[in-house]
Amino acid sequence: MQNLKTLQQWVKESKRIVFFGGAGVSTESGIPDFRSVDGLYRQKFEYPPEQIISHSFYLRDPSYFFRFYREKMLPLDFDPNITHTVLARWEQEGKLLGIVTQNIDGLHQKAGNTRVYELHGSVLRNYCVKCGKFHTAQFVKNHPDVPRCDCGGIVKPDVVLYEEPLNAQVMDDAITAIANADLLIVAGTSLTVYPAAGLIRYYNGNRMVLINRDETPYDSHANLVFHQSLGEIFKEL
Ligand code: CNA
C-alpha cells in the first residue's frame, strides 16, 4: 500500500517517464508471453522455441519457421489493455518520454503512443528480401506456406530473430530516452534477453520501479519492486 502511494507520487512528480516493457505487458490482452507457467516456452515443440526463431533455423527450414511463426508469434486482432491505455494518456499529458519495448505486437501504437522504440521489431512490418516491397501481417498470416512476394522473394517479418543484431538507431534512441528519464518503470519482462535487458543500466536516477509477477535478476537494483500483475498497478495510476 505504501509502495503504491510512493509510485503514485513519483508518477505525479515526473515529467520524463520512460517505460521499459516486455511480453508481460500484453498477457492481459490475451497474448501469451514466453517464460510464464503458461508461456510459449513451457509448451512442447519438436525443437526448442529459441532454436526455431533463430536466423539459422529460418534459413534452414523456412517452411517450419513460418508455420511456427504464424501459429505462435503473429498476434493479430488483440486490443490494448489498461497498461497500454495509461501509457498513451501519459504521452498525451506530456509526461512520457518514450516506451522501450521488447514486444513485437504493435499494441502500444494501437493504444495511441508514438514514441515507441521497438527493440525486437514488429510483426506489422514485413518486407520482401529480394525487392524490398512492404507486405501486411495479414498477408503473412493468410499465406499457407512460406510467404512469397510477386517477385518470388521470401517476405520476412521485421522481427529480430536470435543471432540477428538489433537495429542500431533504435538502440541509440532507447538508450538516450532511458538515460534522460526521471522515472524508469520496468515491467512485464523477465530481463533475461540481451542486449535488451542491459539497457536499463543506462538509467541514472534513483526512481527505478520494477513491476513483474515473477522475480527478476534486477529486483535488487530497483528502488521500488511490485510482484503483482500490471493491470492491478496500472488501474491505480
Ligand atoms: P518473458 O521472458 O516471457 O517474460 C515475461 C515476464 O512477464 C515474466 O517474468 C512474467 O512473470 C511477467 N508477466 C507476465 N504477465 C504479467 C502481468 N500481467 N503482469 C506482470 N507481469 C507479468 O518476456 P520478455 O519480454 O522478458 O522476453 C523477451 C522476448 C519475449 C522478446 O523478444 C519478445 O519479442 C518476446 N515476446 C513478445 C510478445 C509480444 O510481443 N506480445 C509475446 C511473447 C514473447
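Residues numbered from 1 in each chain as written. Predicted model: local features only at pLDDT ≥ 70, side-chain atom pairs only at ≥ 80, totals over all residues. Heavy atoms only, no water.

Caption draft 1: Region of the structure containing the environment of serine 14. With respect to the helices and strands, serine 14 occurs in the loop between α1 (2-13) and β1 (17-21). For serine 14, a relative accessible area of 5% puts it in the buried group. On a C-alpha basis, the gap between serine 14 and glycine 231 in space is 21 Å, while along the polypeptide they are 217 residues apart. (Helix = DSSP H or I, 4+ residues; strand = E, 2+ residues; numbered from the N terminus. Buried < 20%, exposed > 50% of the residue type's maximum accessible area, 1.4 Å probe, protein only.)

Caption draft 2: Quick look at the site of the ligand. Lining the immediate surroundings of the ligand are 28 residues, of which Arg35, Asp105, His120, Ser190 and Asp214 lie closest. A distance of 2.8 Å is found between an oxygen atom of the ligand and a side-chain nitrogen or oxygen belonging to threonine 189. Between a nitrogen atom of the ligand and a side-chain N or O atom of arginine 213, the distance comes to 3.1 Å. Coverage of the ligand by the protein chains reaches 96% of its 850 Å² of free accessible surface. The residue inventory of the shell around the ligand, partitioned by class, reads 8 nonpolar, 14 polar and 6 charged. (Near = heavy atom within 4 Å. Polar contact = N/O pair within 3.5 Å; in protein donor to acceptor, adjacent residues only side chain to side chain. Areas by Shrake-Rupley, 256 points an atom, 1.4 Å probe, with all protein chains shown as cover. Nonpolar A, V, L, I, M, F, W, Y, C, P; charged D, E, K, R; others polar.)

Caption draft 3: Up close: the pattern of salt bridges. Overall, the coordinates contain 8 salt bridges when judged by the stated rule. Lysine 156 serves as the salt-bridge partner of glutamate 164, at 2.9 Å between the closest nitrogen and oxygen. The same class applies to glutamate 164 and to lysine 156, which are both buried. (Salt bridge = Lys/Arg side-chain N within 4 Å of Asp/Glu carboxyl O.)

Caption draft 4: Molecular detail of the packing of aromatic side chains. Enumeration according to the criterion identifies 11 aromatic pairs in this entry. Summarising the aromatic geometry, the rings of tyrosine 47 and tyrosine 64 are spaced 5.2 Å apart at their centres and angled 85° between planes, so their arrangement reads as edge-to-face. Remark: tyrosine 64 occurs in helix α4 (residues 62-73) and tyrosine 47 occurs in the loop between β1 and α2 (49-52); sequence separation between them is 17 residues. Through a chain of ring-to-ring contacts, the aromatic side chains of Tyr58, Phe65, Phe66 and Tyr69 assemble into a single cluster. (Phe/Tyr/Trp six-rings, centres within 6.5 Å; stacked < 30°, edge-to-face > 60°.)

Caption draft 5: Structural detail: the side chain of aspartate 33. Along the chain, aspartate 33 falls in the loop between β1 and α2. Despite being buried, aspartate 33 has no salt bridge partner; arginine 213 is the closest side chain of opposite charge, sitting 4.9 Å away. The residues contacting aspartate 33, other than those within four sequence positions of it, are Ala23, Gly24, Thr27, Gly39 and Leu40. (Lys, Arg positive; Asp, Glu negative; His and termini not counted. Contact = heavy atoms within 4.5 Å.)

Caption draft 6: Spatial organisation of the sheet that holds strand β8 (residues 208-211). Here 6 strands make up an open sheet; going across it, the order is β3-β2-β1-β7-β8-β9 and the pairing parallel. In the strand order of this sheet, the two ends are held by β3 (116-118) and β9 (224-226), each with one partner. The mean inter-strand angle of the sheet, taken between neighbouring strand axes irrespective of direction, is 15°. The sheet strands contacting α1 are β1, β7 (183-187), β8 and β9, and the helix crosses β9 at an angle near 120°. Across the sheet, helix α5 (residues 82-92) touches β1, β2 (96-101) and β7, and the angle it forms with β2 is around 145°. (Pairing = 2+ DSSP bridges. Axes fitted to C-alpha atoms, helices over the stretch in contact; angles between N-to-C directions.)

Caption draft 7: Structural detail: the side chain of serine 29. Locating serine 29 in the fold gives a position in the loop between β1 and α2. By relative accessible area, serine 29 is classed as buried at 15%. Within the structure, the side chain of serine 29 is placed 3.0 Å from the side chain of asparagine 81, a separation counted as a polar contact. The contacts of serine 29, once residues within four sequence positions are left out, are Phe78, Asp79, Pro80, Asn81, His84 and Leu107.

Caption draft 8: Highlighting unusual backbone geometry. Here the amide bond leading from tyrosine 194 into proline 195 is cis, since omega sits at 5°, within 30 degrees of zero. Structurally, proline 195 is set in the loop between β7 and β8. Phi is positive for aspartate 77, close to 65°, though the residue is something other than glycine. Since its relative accessible area comes to 73%, aspartate 77 is described here as exposed.

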